[in-house]
Each structure stands twice: as structure tokens, then as C-alpha cells.
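Here's the letter readout for the chains.
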Amino acid sequence: MMGCWDFFWEFWNYETSKVIIVKNRQLGVIYRLVQLLILVYFIWYVFIIQKGYQESESGPESSVITKVKGVTRSKHKVWDVEEYVKPPEGGSVFSIITRVQVTPSQTQKTCPESTKVRNAMCRSDSDCVMGEMDMLGNGAKTGRCVPANKTCEIMAWCPVENGAAASEELGKMAPEFTILIKNNIHFPRFRFSKGNIKENKDGYLRNCNFNETTDLYCPIFKLGFIVEQAGENFTELAETGGVIGVIINWNCNLDLPDSACNPRYSFRRLDPKWAQASSGYNYRFAKYYQCSGKSTRTLIKAYGIRIDVIVHGQAGKFSLIPTIINLATALTSVGVGSFLCDWILLTFMNKNEVYSARKFDQMSKCPKMTPTTEFNTSTSCTPDSSLADSKAPIHL
């Protein structure tokens, strides 16, 4: 029972530091090097690189408006923006068609299923269950096996797409298409807004193209330039399609003038071209019309370059609270050097018992001071008079 009470009263003891000078050059070098590394880390990395004296905000509110211009032609027709840009709304994600495969004059009727569809092959009518539908197929089975094709007959938009349709290339003039990317950002915490278009005289945007050095605030990019900056071959990309990311990064130090906050552009391919099954980009759409009183359509399988405009950003401004916190952390961390050197002394040095005896003292309660002894310099609460000089050097 007394042991528990002893532990309870020991909890309320006060611990204070004791200064001991250790005459050991190697240990002193380690101590100063650790202090230097800690100071360099906080001064160079925390305060200069990470700007630890600032309050920061990431993920700005952002709006993106795009507009594509240019005309091109395939083997049979001329294509303008209204036909080769999908969707037409001008948002942050859109595609530019570079190649098409056309299946013309499809109507609702019966025809043989494509041989490329799984489970479409048959030997007799019993292999084709009437009304059955394959989700990867083109229609509903009629219950009849077409002997000439060895496939089941289906009710669908016929003739079905079979991949044999001739493709039309639009990529000849596509590298010259221009893309306007209008971006505005807002950091609500700092009430700061800015856009990537230069406020200038009328006609400036009609006669400029993006240049990081001379025309940073002319966000008009040629499609060929974007593909080239992403490290891709335009001819190969136009054949199979792909996804290119246009990344706009706003890193703003709001302690500086607004003119120092500028957009930075980077470009890279987003779809994994090394993965054969998931590389490339294509989709289908149809154009409908009436022919001889029947609803008819032209099915188009389009390969294209999809552009994803992605906006990142971070803003920072001086604030007293993070400055105080980081300064206090830096001053506290300097003490790591003392902890490390104490551990070395107590663990590895030959005379660690000497150091331990000088470093750790236990003092009982001091006698009550009286007026006659209050200024008596010989009064001491130290149990061992040999430890009175706590600053005496220790030679190790």
C-alpha cells in the first residue's frame, strides 16, 4: 500500500535542467552538426521552400470555357467545327474527331448478326433462341439461322456494323485547329480572382498564339502543339485516338503583386497507351433522316483526340499564427541535438556512469528558510556537497 502512495507522490515531483559541460570534441561536433541540420531544414525548406509563414488555400474555384476553330476535309466531304467537335457546348472536356468509320443507310429490319459477336454463330435454328438478346450484340434474335453467314438472324438496325466500312481520315489539317481555353479562378479565403486572358486592345486574341515567354496570356493553342508537348506522334494518335490532359496550375504568392500570379501550362497523355486493351479513344453516334417514308440513320464510329482541361492551384499569404507555430517548432527541435548526445553519452561512452552520476540528482525538500539564514550563501539543499558545482567540466 505504501508503494502506491510513494508512486502517487513521486508524480508531483518537479524536474529541472542541469548544465554540465562535457569536454569531448567528437561529441561536440555531433551536437553542432545536428543543430545546424535542424536550422537549415527549418530556414531553407520550411520557411523558404514551403513558405511556412503563410496561410494557404488549395483547390481554387474555377471555370473553363473552350472554343475550337478550323476546317478540314476527308475523302468525300468537308468537315467544320459543328461536325468534328463533340460535345458542342465548349466545356472543359471535349473531343476532336480525326477518323471515322461510316455504316450508311441503316433501317429497322431483319439481317444476319455480325460474325464478331460472341455466341452469334449457329448451325441450325435451334441454336438461335427467339427473343434472346446478347448485350454485346446488335439486336434481338428471330429464331432463324442464316445458312450463308452461319449466324443468327436478328431484328436490328441493318445492315449491322461489321468493321469492314471504309474509314475517312480528317487528320490532314487537324494539327492546325486552334483551341481557345478561357480559365478564371477564385480563392475565396483571400478574395482573390484572376483569369488567363490578357486585358488588351480589341483584336489581340485574333492575331496571337500561345507562347510561354511572349504571349502567356493568349490561351490559344494549336492542336498539333498540344499533342507535341504531350510527347505524342500526331499521325499515330489520330489513327487510334487518345486522351490529352491540359493542366493549368496557379501557384500564387499573394504577398507579391497580382502580376506575379501567373498560370503555368503542362500537357500529357492520360490514357495508358502501353495497355493495348484500354488505350485509344473512340465512340459512336448516328445521324437520322427519312428515306422513302422509313426512319433511316447513318452510324458513325468516331476516333478522336479528347482534351481534358484540368485546373490546379494554391495561394498563400502571410499569417501570424503559422509563423509562430513553425518558429516554436523550430526552437523546440533544436533540443533534439541534446537528446541525441545524452543518449550517446549514457549508452556508448566508456565513462557513462560518471556522466550519469553528475547529470541526475535527487533533492529532498529544502529546509524552511528563516530570516537569519535567508541570505546565508552557505545554505545548500544538495545532499552531496561534491555536486555543488554543477557547471564543473567533465573530461571523457
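Residues numbered from 1 in each chain as written. Predicted model: local features only at pLDDT ≥ 70, side-chain atom pairs only at ≥ 80, totals over all residues. Heavy atoms only, no water.

Engineer: What exactly am I supposed to notice about the packing of helix α2 (residues 25–49) against helix α7 (residues 336–347) here?
Structural biologist: Each pair of packed helices gets described by two things: the angle between the helix axes and the distance between those axes. Interhelical geometry of α2 versus α7 gives an angle of 150° and a closest axis separation of 8 Å. It follows that α2 is roughly antiparallel to α7 by the angle criterion. Along this stretch, α2 crosses α7, giving a crossing that reads as right-handed. Touching L27, I30, Y31, V34 and I38 of α2 are V336, G337, S338, L340, C341, I344 and L345, all from α7. Here the residues of the contact of α2 with α7 are counted per class, giving ten nonpolar, two polar and no charged. (Axes fitted to C-alpha atoms, helices over the stretch in contact; angles between N-to-C directions. Helix = DSSP H or I, 4+ residues; strand = E, 2+ residues; numbered from the N terminus. Parallel < 35°, antiparallel > 145°, perpendicular 65-115°, else oblique. Left-handed = near helix turned anticlockwise from the far one by under 90°. Contact = heavy atoms within 4.5 Å. Nonpolar A, V, L, I, M, F, W, Y, C, P; charged D, E, K, R; others polar.)

Engineer: Looking at this model, I keep getting lost on the environment of S92. Mind explaining?
Structural biologist: Looking at the element boundaries, S92 is found in the loop between β6 (85–86) and β7 (93–112). Overall, S92 belongs to the partly exposed group, its relative accessible area being 29%. Sequence separation between S92 and V246 is 154 residues, and the spatial gap between their C-alpha atoms is 9.6 Å. Excluding residues that lie within four positions of it along the chain, S92 makes contacts with V64, I307, D308 and V309. (Buried < 20%, exposed > 50% of the residue type's maximum accessible area, 1.4 Å probe, protein only.)

Engineer: Honestly, the packing of aromatic side chains in this entry has me stumped. Any pointers?
Structural biologist: The geometry of two aromatic rings is summed up by the distance between their centres and the angle between their planes. According to the stated counting rule, one finds 14 aromatic pairs in the structure shown. Plain terms: the ring middles of Y84 and F177 are 4.4 Å apart, the flat faces sit at 5° to each other, and that makes the pair stacked. In this pair, Y84 is assigned in helix α3 (residues 81–84) and F177 in the loop between β10 (167–169) and β11 (178–187), connecting sequence segments 93 residues apart. Taken as a pair, Y84 and F177 share a single burial class, namely buried. An aromatic cluster of three or more residues is present, and its members are F210, F221, F225, Y265 and F267. Against the face of F285 rests K86, its NZ or CZ located 4.8 Å from the ring centre. Its end group placed over the ring of Y303, R99 keeps NZ or CZ at 4.0 Å from the ring centre. (Phe/Tyr/Trp six-rings, centres within 6.5 Å; stacked < 30°, edge-to-face > 60°. Lys NZ or Arg CZ within 6 Å of the ring centre and 35° of its normal.)

Engineer: Where do I start with the pattern of salt bridges in this structure?
Structural biologist: Pairing is possible between side chains of opposite charge, provided their charged atoms come close. Applying the stated criterion across every chain yields a total of eleven salt bridges. In this structure, E232 engages R269 in a salt bridge whose closest nitrogen and oxygen atoms are separated by 3.2 Å. Pair noted here: E232 is in the loop between α4 (223–229) and α5 (234–240) and R269 is in strand β15 (residues 263–269), with a separation of 37 residues, a long-range link. Like R269, E232 is buried. (Salt bridge = Lys/Arg side-chain N within 4 Å of Asp/Glu carboxyl O.)

Engineer: Would you mind showing me how to read the nonpolar core here?
Structural biologist: For soluble globular proteins, the rule of thumb is that nonpolar side chains tend to be buried together. With 48 residues, the main nonpolar core has Y84, I96, I179, L223 and I307 as its most contacted residues. By size, the runner-up hydrophobic cluster in this structure holds six residues, among which are V34, F42, V46 and F47. (Core = buried A, V, L, I, M, F, W, Y, C linked by side-chain atoms within 4.5 Å.)

Engineer: Honestly, the side chain of D134 in this entry has me stumped. Any pointers?
Structural biologist: Its place among the elements puts D134 in the loop between β7 and β8 (140–146). No salt bridge forms around the buried D134; measuring N to O, its nearest opposite-charge neighbour R118 is 4.8 Å away. Looking at D134, its side chain comes within polar contact range of the main-chain nitrogen of L136, at 2.9 Å. Once residues lying within four places of it in the same chain are set aside, the contact partners of D134 are V117, R118, N119 and G139. (Lys, Arg positive; Asp, Glu negative; His and termini not counted. Polar contact = N/O pair within 3.5 Å; in protein donor to acceptor, adjacent residues only side chain to side chain.)

Engineer: How should I be thinking about the packing of α2 against helix α6 (residues 320–333) in this particular structure?
Structural biologist: Here α2 crosses α6 at 160°, and the two axes come no closer than 9 Å. The pairing of α2 with α6 is recorded here as roughly antiparallel in orientation. In the crossing of α2 with α6, the sense of the turn from one axis to the other is right-handed. Residue-level contacts link I38, F42, V46 and F47 of α2 to N326, L327, T329, A330 and S333 of α6. For the contact of α2 with α6, the residue count by class is six nonpolar, three polar and no charged.

Engineer: How should the pairing of strand β17 (residues 294–318) be read in this particular structure?
Structural biologist: Inspection of the sheet shows strand β2 (residues 54–58) paired to β17 by five bridges, in the antiparallel sense. Note on β17: the bridge partner recorded for E55 is K317. Pairing analysis gives eleven bridges linking β7 to β17, with the strands arranged antiparallel. Within β17, the residue paired with Q106 across the bridge is R297. Pairing of strand β16 (residues 282–291) with β17 involves ten bridges; the strand directions are antiparallel. Opposite R284, over in β17, you have K301 as the bridge partner. Linking two consecutive strands that pair antiparallel, namely β16 and β17, is a turn of two residues; a positive phi of about 55° is found at S292 within it. (Pairing = 2+ DSSP bridges.)

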